[in-house]
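# Secondary and tertiary structure notes
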Amino acid sequence: QEQLVESGGVMVQPGGSLRLSCAASGSIFSVSRMGWYCQAPGKQRELVAAIQSSGITNYADSVKGRFAVSRGSAKNTVYLQMNRLKPEDTAVYYCNADIATTGWGTPHGYWGQGTQVTVSS
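The following refers to the structure shown. (Residues numbered from 1 in each chain as written. Predicted model: local features only at pLDDT ≥ 70, side-chain atom pairs only at ≥ 80, totals over all residues. Heavy atoms only, no water.)

With that out of the way, let us pick up the sheet that holds strand β8 (residues 77-82). Ordered in space as β1-β3-β8-β7, the four strands form an open sheet in which the pairing is antiparallel. Only two strands of the sheet have a single partner each, and these edge strands are β1 (3-7) and β7 (67-71). Put simply, the sheet's adjacent strands are angled 15° from each other on average, direction ignored. Where strand β3 (residues 18-25) and β8 come together, six bridges link them in antiparallel fashion. What sits directly across from L18, in β8, is M82. (Pairing = 2+ DSSP bridges. Helix = DSSP H or I, 4+ residues; strand = E, 2+ residues; numbered from the N terminus. Axes fitted to C-alpha atoms, helices over the stretch in contact; angles between N-to-C directions.)

Residue placement: T115 occurs in strand β11 (residues 115-119). Residue classification places T115 among the buried residues on the basis of a relative accessible area of 9%. At 3.1 Å, the side chain of T115 forms a polar contact with the backbone nitrogen of G9. Contacts of T115, omitting those with residues within four sequence positions, involve E6, S7, G8, G9, L20, A91, V92 and Y93. (Buried < 20%, exposed > 50% of the residue type's maximum accessible area, 1.4 Å probe, protein only. Polar contact = N/O pair within 3.5 Å; in protein donor to acceptor, adjacent residues only side chain to side chain. Contact = heavy atoms within 4.5 Å.)

Here is the structure:
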């Protein structure tokens, strides 16, 4: 069973930094796109940042220059370095990955269980 496990969500003061981690495990042939989404109370889940296996990244406008997404050397992990955090960054952060379990199958999207990030003084 393929799964994504996130870690790193905590409470931090405004202006602080935080690093989220996500690791994919299971019967994995390859992991292409990996990314982070956030969902605040009463709002829809939205993209924060994503990274392709090629290393190409894209970010939500609200986090450009503050957050950085990266892949681990094993390529099955993804990180989100969050700097200059603001109260409006408070949300549950979900890891997302497109995983192929065979060399000929179509990659499927998987979600982690989410990790809470709270930015408050």
